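# Report on the structure
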Amino acid sequence: MNQNNIQPKFLNIYFTAGIPQLDDTTEIIKLIQDSGADMMEIGMPYSDPVADGPVISQAHELALNNGMTIEKLFSQLKSIKDEIRIPIILMGYINPVLSFGFENFCKECSESRISGLIIPDLPAIEFEKKYEKILKQYNLNFTFLVTPETSDERILYLDSLSSGFLYAVSSSSTTGNENAVLKNEDYLSRLASLPLKNPVMIGFGIKSKEDFENVTEKADGGIIGTAFVNILLQNRDWKTKAIDFIHSIKA
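With that settled, the discussion passes to the overall build of the chain. Looking only at helices and strands, the chain has eleven helices and nine strands in total. Compactness check: the chain gives a C-alpha radius of gyration of 17 Å against a globular reference of 18 Å for 251 residues, within 12% of the reference. The buried share among the 251 residues of the chain stands at 52%. The long-range fraction of contacts in the chain, counting pairs at least 24 apart against all pairs at least 6 apart in sequence, stands at 72%. Carbon and sulfur atoms make up 47% of the accessible area of the chain, which totals about 11600 Å². Distance between charge centroids for the chain: 4 Å, based on 23 positive and 33 negative side chains.

Now the structure itself:
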């Protein structure tokens, strides 16, 4: 195939709100956008992030210790909403959202230029019964996750409920797991063969341009979380390193 005919793949960067310092969130949003990412996910810190590995769990703990709350995050987002040009998705767990009030949360998202939500511990049946209508009312997408163990029938069902994209977890593990099987050929081929309505984004375990290219051969894009969060946590000069990292993936 001629290289010029290959569609560019979408790069989605995840980070946890409120790290390294409480008020760095808006600067990181602008940095991700200006460095060429196509979209981003912002993690809402939670005390029991069961789907996340040690790096992102550490980020949640730091953010909470820094004083990050949902209210504070919305305030930060509203302060730069006119500068936001790419989709921003909020990712988190259902309990803090319910404590905030689900409809109130969606209203705040709409007023903060948020495009959609990912809430991994919200069951699909609950979503259909209680929440889908509210999300549509506020024009918010909702993304479900699938794994290599998810049946074709279930993948099609979750795709039918999702909007924006379908999040395909590369392996059945927590985020950032060093032993994760990054490129499961059978699984990726199976996803590519299904008549899905949404673009497929592959996440969990992508650390480099090579990883990104490998997992997106048969998918529409990739999601990078742990590797990016690590830069924010480990480097005093995180701004330069974060920009260089995104450029290295998009180059």
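Attention now moves to the layout of surface pockets. Volume-wise, the second largest pocket comes out at about 190 Å³. Considering the residues around the second largest pocket, the lining is formed by Gln7, Pro8, Lys9, Lys209, Phe212, Glu213, Thr216, Ile249, Lys250 and Ala251. Breaking the lining of the second largest pocket down by element, the ones donating at least two residues are α9 (209-215) and α11 (238-250). If one sorts the elements of the lining of the second largest pocket by residue count, α9 sits on top with three residues. Per-class residue counts for the lining of the second largest pocket are four nonpolar, two polar and four charged.

Glancing now at helix α3 (residues 70-79). Listed as buried for α3 are Ile70, Leu73, Phe74, Gln76 and Leu77. Down the axis of α3, the buried set is contained in an arc of 160 degrees. They therefore lie on one face. Those residues of α3 that are exposed and aimed more than 90 degrees away from the buried face are Glu71 and Ser79. In this fold, the buried residues of α3 make contact with α1 (25-34), β2 (39-43), β3 (88-91), α4 (94-100) and α5 (102-111).

Of the residues in the chain, 91% have a pLDDT of 70 or more, and the chain-wide mean is 92. pLDDT under 50 marks residues 1-5. Its contacts with residues more than four places away, or in other chains, come to one contact.

Quick look at the pairing of β2 now. In terms of burial, β2 is a largely internal element, five of the five residues being buried. What you see with β2 is no split at all: Met39, Glu41 and Gly43 on one side and Met40 and Ile42 on the other are buried throughout. With five bridges joining them, strand β1 (residues 10-16) and β2 adopt parallel strand pairing. By the bridge assignment, Tyr14 is partnered in β2 with Glu41. Viewed along the sheet, the connection from β1 through α1 into β2 turns out right-handed. One ladder, built from four bridges, connects β2 with β3; its direction is parallel. Of the residues in β3, the one forming a bridge with Met40 is Ile88.

Quick look at the nonpolar core now. Counting 88 residues, the largest nonpolar core has Phe15, Ile32, Ile42, Leu90, Phe105 and Phe228 as its most contacted members. Here the element with the most residues in this core is helix α10 (residues 226-234); it accounts for six residues. What Leu90 contacts, discounting residues up to four positions off in sequence, is Ile42, Met44, Leu73, Phe74, Leu77, Phe105, Cys109, Ile114, Gly116, Leu117 and Ile118.

Rules used in this analysis
Residues numbered from 1 in each chain as written. Predicted model: local features only at pLDDT ≥ 70, side-chain atom pairs only at ≥ 80, totals over all residues. Heavy atoms only, no water. Helix = DSSP H or I, 4+ residues; strand = E, 2+ residues; numbered from the N terminus. Rg over C-alpha atoms; globule rule 2.2 N^0.38 Å. Buried < 20%, exposed > 50% of the residue type's maximum accessible area, 1.4 Å probe, protein only. Contact = heavy atoms within 4.5 Å. Areas by Shrake-Rupley, 256 points an atom, 1.4 Å probe, with all protein chains shown as cover. Lys, Arg positive; Asp, Glu negative; His and termini not counted. Charge placed at Lys NZ, Arg CZ, Asp CG, Glu CD. 1 Å grid on protein atoms, 1.4 Å probe; cavity = no way out; pocket = protein on both sides within 12 Å on 5 of 7 lines; lining within 4 Å. Points joined across faces, edges and corners; volume = space filled by probe spheres on them. Nonpolar A, V, L, I, M, F, W, Y, C, P; charged D, E, K, R; others polar. Arc of directions from axis to C-beta. pLDDT = per-residue confidence, 0-100. Pairing = 2+ DSSP bridges. Right-handed = clockwise from strand over helix to strand, strands pointing away. Core = buried A, V, L, I, M, F, W, Y, C linked by side-chain atoms within 4.5 Å.

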